[in-house]
Amino acid sequence: MRFLVEWIRCAAEARLRVPTGYMTELGEATFSGFIKFVLFLPLARHQGRTERFLLHAARLVTFRHEDCGSCLQGAINVALDEGVSPSSVAAVLDGDHSAMPLAISVIVRFTEGVLAMDGSECEFRQEILDRYGTTTLAELSLAIASARVFPTIKRGLGHSVSCAAVKPAVLIKATS
């Protein structure tokens, strides 16, 4: 069992390039809970027909909102690895709508509204429906909801560190 937990943790750490020690603690405390958590992971990475950069924008905003620095840094790393431009990632992190493409700005504003739970997402929901359809709306909603799971588990286990303490950065992975 320990081997499986460590193998999965190491794979996650290699992909995200951030510490994932909370997975070891979770696996040691409740192996059956860990297995159920692992079964959740494909949902957190789900991408059907929605453009990848839109989902990454939603995840970045969510991790920033949840104030988990290592979660946010992992999401930055994955977004860059999957081709999202560093300038787009930086614009999302800075909340600089003038520096991001309109499509990303709409997703950022929608995500912020969903997280604020104040109804401000309604205008942007309709724009997403008009522009992309119900599949994208559903996939964005899944991305936002699933991204909230990681900071919550890490915070509960004492592994969450504030973004202010970690200072997430847009760093481009060196290629060999």
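Conventions adopted
- Residues numbered from 1 in each chain as written.
- Predicted model: local features only at pLDDT ≥ 70, side-chain atom pairs only at ≥ 80, totals over all residues.
- Heavy atoms only, no water.
- Axes fitted to C-alpha atoms, helices over the stretch in contact; angles between N-to-C directions.
- Helix = DSSP H or I, 4+ residues; strand = E, 2+ residues; numbered from the N terminus.
- Parallel < 35°, antiparallel > 145°, perpendicular 65-115°, else oblique.
- Left-handed = near helix turned anticlockwise from the far one by under 90°.
- Contact = heavy atoms within 4.5 Å.
- Nonpolar A, V, L, I, M, F, W, Y, C, P; charged D, E, K, R; others polar.
- Buried < 20%, exposed > 50% of the residue type's maximum accessible area, 1.4 Å probe, protein only.
- Polar contact = N/O pair within 3.5 Å; in protein donor to acceptor, adjacent residues only side chain to side chain.
- Phe/Tyr/Trp six-rings, centres within 6.5 Å; stacked < 30°, edge-to-face > 60°.
- Salt bridge = Lys/Arg side-chain N within 4 Å of Asp/Glu carboxyl O.

(A) Up close: the packing of helix 1 (residues 2-16) against helix 2 (residues 21-29). For the pair helix 1 and helix 2, the least separation of the axes is 9 Å and the interaxial angle reads 160 degrees. Here helix 2 runs roughly antiparallel to helix 1, going by the angle between their axes. By crossing handedness, the relation of helix 1 to helix 2 is classed as right-handed. Taken together, the residues of helix 2 that come into contact with helix 1 (itself represented by R2, V5, E6, R9, A12 and E13) are G21, M23, T24, G27 and E28. When grouped by side-chain class, the residues that make up the contact of helix 1 with helix 2 number three nonpolar, three polar and five charged.

(B) Representation of the side chain of T20 in the model. Tracing the backbone through its elements, the reader meets T20 in the loop between helix 1 and helix 2. Taking relative accessible area as the criterion, T20 reaches 2% and is therefore assigned buried. Reaching out from T20, the side chain makes a polar contact with the backbone oxygen of R9 at a distance of 3.2 Å. If we ignore the near neighbours within four places in the chain, the residues touching T20 are R9, A12 and E13.

(C) A look at the packing of aromatic side chains. Going through the model one piece at a time under the given rule, you end up with five aromatic pairs. Aromatic side chains F31 and F34 sit 6.5 Å apart centroid to centroid with 25 degrees between the ring planes, which places their arrangement in the stacked category. Linking F31 with F34, this pair stays in helix 3 (residues 31-44), spanning three residues, or about one helical turn. Overall, the relative accessible area of 0% leaves F34 in the buried class.

(D) Summary view of the environment of S85. Among the secondary structure elements, S85 is positioned in the loop between helix 5 (69-81) and helix 6 (86-94). Residue S85 is classed as partly exposed on the basis of its relative accessible area, which comes to 29%. A C-alpha to C-alpha distance of 33 Å links S85 and K36, two positions 49 residues apart in sequence.

(E) Region of interest: the pattern of salt bridges. Inspection of every chain in the model, using the stated rule, returns nine salt bridges. For E82, the salt bridge goes to R15, with nearest N and O atoms at 3.3 Å. With E82 in the loop between helix 5 and helix 6 and R15 in helix 1, this residue pair connects regions lying 67 residues apart in the sequence. A residue is classified by how much of its surface remains accessible, and R15, at 35% relative accessible area, is partly exposed.

(F) Structural detail: the packing of helix 2 against helix 10 (residues 149-157). Viewed as axis vectors pointing N to C, helix 2 and helix 10 meet at an angle of 70 degrees, and their least axial separation amounts to 10 Å. One finds that helix 2 runs roughly perpendicular with respect to helix 10. The segment helix 2 lies against helix 10, with Y22, E25 and L26 engaging F150, I153, K154 and L157. When the residues that make up the contact of helix 2 with helix 10 are grouped by side-chain class, the tally is five nonpolar, no polar and two charged.

(G) Seen up close, helix 2. Residues of helix 2 that are buried: Y22, M23, T24, L26 and G27. On its buried side, helix 2 packs onto helix 1, helix 3 and helix 10.

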